[in-house]
Amino acid sequence: LSVSARTVRDAAGEAVGAALAFSDVTDLVTALQAREVFESSVSHELRTPLTSVLGHLELVLDDPGLSEAATRQLRVAQRNATRLQYLVSDLLDPAARGLGTLELLRAPTDVAALVRDVVATGSAEARAAQIAVVAHADDCVRAVVDVHRVHQVLDNLVSNAVKYTDPGGSVDVTVEADEDEVTLSVTDTGIGIAPDDLERLFEPFFRADHARERVAPGVGLGLGIARSIVVAHGGRLEVDSTPGAGSTFCVVLPRGDHAVRDLRPDH
Ligand code: ADP
């Protein structure tokens, strides 16, 4: 039962009584409880088999006798199962849907190594699409970030760049840093984004017409989630695009107290 009270005043503003309203909110509470039960059981039902798939993939990939071709294929499967795992978490994580605070596990991280890793693990898909993905990230660049979440953001931007670029095109991923900020840029020579669509890119489930026409896999959640992660770091996600020529997505992150931690030998 929900009760609300309000003072009743006369024309002169004098309190003359009180009005009490009682409402039956059983249905609302039942609906909220049902949603909670639904979310946690769906989350469990989806996560358990995925964890098993990933565990077995890892075991098979550990086999030293595995051929290079099989390793490559299995890595693609591993990468996509991991992506699915993130998607499940994000769909069911109220924080990632902008309803709360996204919890970050920050630690000093070499973001240049992270960029090289994203490019290396993502290159199988790009190779299949005949798109050259190149990392321009040789020197160590430290920032205090949540390594898995930033990996997720970059992975999403690189895989979008590959998805929305025609065969023969290229994707360049660069790292630039000054004292306070690090900027990770993903530039493609792809189909680009219409000016009217630029503002809507980060809306949940938004996909531009060209994305739907391309039959590129996706549900339109990646960029919104990427932006939530970047914003939770105190950073920003910017986009610049020319239809027919290509797009650049820039992730700007504060570097945190990386300099102090750099002095410690274990970092
Ligand atoms: P998804 O790729 O799953 O559709 P995203 O949220 O990652 O969802 O992206 C939203 C939309 O933004 C895409 O459907 C596509 O229309 C557009 N988009 C994103 N990245 C690019 C890019 N690099 N080039 C052209 N369009 C893009």
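In this text, all values refer to a predicted model and were calculated from it rather than measured experimentally.

Taken together, 22 residues lie near the ligand, and N160, Y164, D188, R207 and L223 sit nearest. Between the ligand and the protein, one listed contact pairs an oxygen atom with a side-chain N or O atom of K163 at 2.9 Å. Residue L223 places a main-chain N or O atom 2.8 Å away from an oxygen atom belonging to the ligand. Look at the ligand: alone it shows 540 Å² of surface, and the protein chains cover 98% of it. Contributions of two or more residues to the shell around the ligand are made by α4 (147-163), α6 (209-213), α7 (222-232) and β9 (246-254). For the shell around the ligand, the leading source of residues is α4, giving four residues.

A grouping of L1, V3, L20 and F22 is seen on the molecular surface, where their side chains present a nonpolar patch of about 480 Å² in accessible area. With respect to the helices and strands, the residue L1 is situated in the segment before β1 (2-9).

Turning next to the sheet that holds β9. Taken in spatial order, the five strands make up an open sheet running β4-β6-β7-β9-β8, and their pairing is mixed. Sheet topology places β4 (132-136) and β8 (236-242) at the edges, where each strand pairs with a single neighbour. If you compare each strand with its neighbour and ignore which way they point, the axes differ by 15° on average. Where β8 lies against β9, seven bridges are found, and the strand directions are antiparallel. Bridge assignment links E238 to a residue of β9, and that residue is C250. With respect to the sheet, α7 is in contact with β8 and β9, its orientation differing from that of β8 by roughly 140°.

Moving on, we get to the side chain of S159. With respect to the secondary-structure elements, S159 resides in helix α4. Note on S159: relative accessible area 9%, which makes it buried. Once residues lying within four places of it in the same chain are set aside, the contact partners of S159 are R79, R83 and E125.

One non-glycine residue, Q130, adopts positive backbone phi at about 55°. Along the chain, the position of Q130 falls in the loop between α3 (111-128) and β4.

So, about the pairing of strand β5 (residues 142-145). Neither face of β5 is exposed, since R142 and V144 on one face and A143 and V145 on the opposite face are all buried. Inspection of the sheet shows strand β3 (residues 107-110) paired to β5 by four bridges, in the antiparallel sense. Of the residues in β5, the one forming a bridge with D110 is R142.

It is worth spelling out helix α1 (residues 26-61) at this point. Helix length check: α1, at 36 residues, gives a terminal C-alpha distance of 52 Å against a target of 52 Å (1.5 Å per residue), a fit within 8%. Buried within α1 we find E39, S43, L50, L54, L57 and L61.

Moving on, we get to the layout of surface pockets. Estimated volume of the largest pocket: approximately 1200 Å³. Of all the secondary-structure elements, those providing two or more residues to the lining of the largest pocket are α2 (68-92), α3, α4, α6, α7 and β9. At 12 residues, the largest contribution of residues to the lining of the largest pocket is made by α4. Within the lining of the largest pocket, the residues separate by chemical class into 21 nonpolar, 17 polar and nine charged.

Criteria and cut-off values
- All residue numbers here refer to positions counted from 1 along the written sequence of the relevant chain.
- Where local features are concerned, this predicted model is filtered to residues with pLDDT of at least 70; where side-chain atom pairs are given and counted, the filter is 80 or more; whole-chain, interface and lining totals use all residues.
- Only hydrogens and water are set aside; all other atoms, that is, all heavy atoms of the structure, feed into the side-chain values.
- We define proximity as follows: a residue is near a molecule or strand when any one of its heavy atoms falls within 4 Å of that partner.
- Counting of polar contacts relies on pairs of N or O atoms within 3.5 Å, with two restrictions inside protein: one atom must be capable of donating a hydrogen and the other of accepting it, and residues adjacent in sequence are counted only when both atoms are side-chain atoms.
- In short, Shrake-Rupley with a 1.4 Å probe defines the accessible areas, and a residue's cover is counted only from the protein chains shown.
- Runs of E in the DSSP output that reach at least two residues are strands. Runs of H or I that reach at least four are helices, and both are numbered from the N terminus.
- Like-charged residues are merged into a patch within 9 Å and nonpolar side chains (Val, Leu, Ile, Met, Phe, Trp, Tyr) within 5 Å, provided each residue has over 30% relative accessible area and no salt bridge.
- Only one rule defines a salt bridge in this text: a Lys or Arg side-chain nitrogen within 4 Å of an Asp or Glu carboxyl oxygen.
- DSSP-based pairing: two strands are paired if at least 2 bridges between them are found.
- To obtain an axis, a line is fitted to C-alpha atoms, over the contacting stretch when the element is a helix, and the angle between two such axes runs from 0 to 180 degrees between their N-to-C directions.
- Two residues form a contact once any of their heavy atoms are found within 4.5 Å.
- Here the term buried applies to any residue with accessible area under 20% of the maximum for its type, exposed to any over 50%, and partly exposed to those in between, with areas from a 1.4 Å probe on protein chains only.
- For a helix, the expected span equals 1.5 Å multiplied by the residue count minus one.
- Lining residues are those with an atom within 4 Å of a point, where the points come from a 1 Å grid over the protein atoms alone and group into cavities, where a 1.4 Å probe fits but cannot get out, or pockets, open sets with protein on both sides within 12 Å along at least five of seven lines.
- Grid points are joined across faces, edges and corners, and a volume is the space filled by probe spheres set on the points.
- Under the grouping applied here, Gly and all other residues not named as nonpolar or charged are polar, the nonpolar ones being Ala, Val, Leu, Ile, Met, Phe, Trp, Tyr, Cys and Pro and the charged ones Asp, Glu, Lys and Arg.

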